[in-house]
Amino acid sequence: MKYAVRTAKVIAAALGLAAIAAPALAQQGLDEPFQKPFKEALAGKTVAYVPVAMNFDLTEGWYAGMKKELEPLGVKFEIRDPNWNTNAGAQAVTSLISEKPAVMVIHNPDVQTYAKLLQRAENEGIYVIQINMGSAYRSSAFIGANWIEIGEKDTEAVVKACQGKSNKIAIVQGALSAAASAYTLKGVENVLAKHPEIKVVSSQAADWDAAKAKAITQTVLKQNPDLCGIVGFWDGMDIGTAAAVKEAGLTGKVFVATSGGGERKGACELVKSGAFDLNLSYDVPTQAAQMAGTIKWLLSSGAKAGSVKGSEYTTLIPITKENADSQTACWNLSDLKK
Amino acid sequence: MKRLRFNQQEIVFAVFAVLFLAFSIFLRGFLTPENMLTLLQNVAVLGILGLAMALVVIGRGIDISLIAALAVPPGLVLQMVQNGYSLPASLATAVLLTIAFGLVNGWLIAYAEVPSLFATLATGLLLAGLGQAALFQLDVVQWSDGMKGFERLGQGTIAGIPTSIVMFAIACVVVAFLLRQTRWGAYIYAIGDNPYAARVTGIPSRPIIVLQYVVAALIGCFAGLVMAASVNSMPTRVFNSTLIYDVILVVVLGGIGLSGGRGGVLNVIIGTLLIGTMLNGMTIMDISYAGQNLVKGVVLLLAVITDSFLNPRNEETAQQGDI
């Protein structure tokens, strides 16, 4: 009995103590041990960004998205714009290696040109993140679309739309030297191998050029008015493809599948107008957020450049008539820049 | 005895006829009215640009900056309308920009006496850079609601003929009138044939040269508007493409000598038809992109060689920097 009373007194005292102590603890706060090293790891670091060119929805979107995430943390963001010139891009990468930024974000014009340079950069201790178009060298991270998957999904949709129709399709490729175009074509071939009934009446490169895409599509449609579908490789170019279909009065009859970054004017509004039946979006703001996240992770990890290597393939958003009206399927560059 | 000689125009026309005949016989689906219209429609913009280039080449110059005039002012129209300006105000701004651009070109060439090749190479870069840096948000400028109705300039048909062909025809008539029916046109030929003689006879050669470049820029801008209307957007990146070589191809192939003073609208039409036939035939045959470039390159080379044989340089008046 005596023992029990004593225990009760101790408990009461402990509770009392706790009651006094708890608010005091809350006022003092608890130090989270990892945020300070994180901040220190990022502050004052330089991230260099080398897209194939600025001034188009993808590269502007990535830039705006990364900048928004990283600049508040004191990261310096540098941009080198080769303006579609592969040589200028290689020079920019070479000079960056000697300037030693902490991270290089690289958008490759093709598989080979930068590959050796990127390897050298990682040997020098610079993290290399490759975006949307990779090179033959596997660096710390790849973040971007899976072009083979895009080719497959677009072609599957076209093949499905062709069921019970003529089974004649056309392919409008991008530029022959671009890896994105070649990989997408591989995806197209993968699906066509399973569907021998499909006949490809035309497979030509329009050089990412809307006017060329239109000219090719017009001629193909005149020769094959019963065409049931077109696989296009980029929405910016396939505006021309769609214009040819519209002029032939075949909108709705010829299924146009394409892909792009999902910017509202270039994607959702064109799907809404019926120009495209399917536009696979690799959702640039999400990609940008993943890029920023990877940069944060790499810088705070302290890992040696090139010692870890991974990929983040983008989850595609298929934009069709059903979701083209929604707020979330597409994005506005002006909002991202705010 | 008079030797049998063909001029280039006749040779090209013969090549065109042979090619056309061969395609008609061997290529199923080539000789149909619809395909003929498509053929013309596909090269209409190229033809309009060819007219602008012809005007300059006849006056013994060259205008490499044409593609900038095609891309930037029409792109500005689309961008301004997108930003909420009215269509007439945007068009007026674009025309003013084009005229200013033509004046700069003309002044550099006529008064500062910079060879046209270098002057227009530089000004073209300047205008394209200005567009990219200051005027456009994205390099493909999209159509917006404010442009409604304007797409008729490049889409649809007038009396059963696709509009872009009609636009080409109108441009042909205007340029033909300018070259053949006005005094200015006669002066352009005189300057192209022999600039010194032209000046000595009292032709105001410098103002005429300025005028040439202004008109060429305006025609380029018109071609750009037709192109933008036809694809519902202005891919301003077209400046980086090889379109300018196609334009030169049309002009030289048609038989307008690069040494100036010769040729006319008919040559542009013939050159355009030949290119159109080639491109259309190769597309129907589904020839690869590289193969098409190869064929185009060989044809251009042959045309340039023929040109230098048939229109040899005038050693008395040729200048360094001429082409």
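Fair warning: this is a prediction, and the values are worked out from it, not measured in the lab.

Colleague: Any chance you could break down helix H8 (residues 210–223) of chain A for me, citing the residues and the numbers?
Modeller: The first and last C-alpha atoms of H8(A) sit 20 Å apart over 14 residues, in line with the 20 Å expected at 1.5 Å per residue. By the criterion of burial, H8(A) is predominantly enclosed, with 14 of the 14 residues buried.

Colleague: Account for helix H10 (residues 243–254) of chain B, with residues named and values stated.
Modeller: All names here are of chain B. For H10, built from twelve residues, the straight-helix expectation of 16 Å at 1.5 Å per residue is met to within 8% by its first-to-last C-alpha distance of 17 Å. Most of H10 sits inside the fold, with eleven of its twelve residues counted as buried. Those residues of H10 not exposed but buried are Leu-243, Ile-244, Asp-246, Val-247, Ile-248, Leu-249, Val-250, Val-251, Val-252, Leu-253 and Gly-254. A positive phi of about 105° marks Gly-255, the residue just after H10.

Colleague: Describe the interface of chain A and chain B, naming the residues involved and giving the relevant values.
Modeller: In this complex, chain A contributes 28 residues to the contact, which on the side of chain B involves 29 residues. By residue number, the principal contributor to the side of chain A that touches chain B is H8(A), which donates nine residues. Considering only residue class, the side of chain A that touches chain B consists of eleven nonpolar, ten polar and seven charged.

Colleague: Can you lay out the nonpolar core for me, pointing to particular residues and giving the numbers?
Modeller: Core analysis: the largest hydrophobic core is formed by 198 residues, its most contacted members being Val103(A) and Ile48(B). Ranked by the residues each element gives to this core, the list is headed by helix H9 (residues 205–231) of chain B, at 18 residues. When neighbours within four sequence positions are excluded, Val103(A) is seen to be in contact with Val47(A), Ile126(A), Tyr127(A), Ile129(A), Ile295(A), Leu298(A) and Leu299(A).

Colleague: Account for the domain arrangement of chain A, naming residues and giving values.
Modeller: Residues and elements named next belong to chain A. Partitioning chain A into structural domains gives domain 1 (36–145 + 284–307) and domain 2 (147–281). The C-alpha-based centres of domain 1 and domain 2 are spaced at 31 Å. Facing eight residues of domain 1, the contacting portion of domain 2 comprises ten residues. Looking at the side of domain 1 that touches domain 2, its residues break down into five nonpolar, one polar and two charged.

Colleague: Any chance you could break down the packing of H8(A) against helix H11 (residues 265–284) of chain B for me, citing the residues and the numbers?
Modeller: Two elements in contact, H8(A) and H11(B), have axes whose closest approach is 10 Å; the angle formed by their N-to-C orientations is 60°. Taken together, the axis directions place H8(A) and H11(B) in an arrangement best described as oblique. By crossing handedness, the relation of H8(A) to H11(B) is classed as right-handed. Facing H8(A), whose interface residues are Ile216(A), Thr219(A) and Gln223(A), H11(B) presents Asn280(B), Thr283(B) and Ile284(B).

Colleague: Lay out the sheet that holds strand E2 (residues 76–79) of chain A with the relevant residues and their values.
Modeller: Residue and element names in this part refer to chain A. Strand order in the open sheet formed by six strands is E2-E1-E3-E4-E5-E11, and the pairing between neighbours is parallel. Only two strands of the sheet have a single neighbouring strand rather than two, namely E2 and strand E11 (310–313). Pairwise comparison of adjacent strand axes, ignoring direction, gives a mean angle of 15° for this sheet. Together, strand E1 (46–50), strand E3 (103–106), strand E4 (127–131), strand E5 (141–144) and E11 form the strand contacts of helix H11 (residues 284–301), whose direction differs from that of E5 by roughly 165°.

Colleague: Got a sec to walk through the pairing of strand E9 (residues 255–260) of chain A? Specific residues and values, please.
Modeller: All names here are of chain A. Counting buried positions over the six residues of E9 gives six, a clear majority of the element. Along E9, one buried face is formed by Phe-255, Ala-257 and Ser-259 and the opposite face, lined by Val-256, Thr-258 and Gly-260, is buried too. By the bridge criterion, three bridges tie strand E8 (residues 229–232) to E9 in an arrangement that is parallel. Following the sheet pairing, Ile-230 is matched in E9 by Val-256. This β-α-β element, E8 to helix H9 (residues 235–247) to E9, shows right-handed connectivity. In this sheet, strand E10 (residues 278–281) lies alongside E9 in parallel orientation, the contact comprising four bridges. Across the sheet, Thr-258 pairs through a bridge with Asn-279, a residue of E10.

Colleague: Could you give me a rundown of the sheet that holds strand E12 (residues 317–319) of chain A, with the residues and numbers involved?
Modeller: All names here are of chain A. Taken together, six strands build an open sheet; the order of strands is E7-E6-E8-E9-E10-E12 and the sheet is mixed. Pairing within the sheet leaves two strands with one partner each, and these edge strands are strand E7 (199–205) and E12. Each neighbouring strand pair of the sheet contributes to a mean axis angle of 15°, computed without reference to strand direction. Packed onto the sheet, helix H6 (residues 147–162) meets strand E6 (168–173), E8, E9 and E10 and runs at close to 165° relative to E9.

Criteria and cut-off values
Residues numbered from 1 in each chain as written. Chains lettered and ligands numbered in written order. Predicted model: local features only at pLDDT ≥ 70, side-chain atom pairs only at ≥ 80, totals over all residues. Helix = DSSP H or I, 4+ residues; strand = E, 2+ residues; numbered from the N terminus. Expected span 1.5 Å × (residues − 1). Buried ≥ 20, exposed ≤ 12 C-beta atoms within 10 Å, placed from the backbone. Contact = placed C-beta atoms within 7 Å. Nonpolar A, V, L, I, M, F, W, Y, C, P; charged D, E, K, R; others polar. Core = buried A, V, L, I, M, F, W, Y, C linked by C-beta atoms within 7 Å. Domains from an automatic or database assignment. Axes fitted to C-alpha atoms, helices over the stretch in contact; angles between N-to-C directions. Parallel < 35°, antiparallel > 145°, perpendicular 65-115°, else oblique. Left-handed = near helix turned anticlockwise from the far one by under 90°. Pairing = 2+ DSSP bridges. Right-handed = clockwise from strand over helix to strand, strands pointing away.

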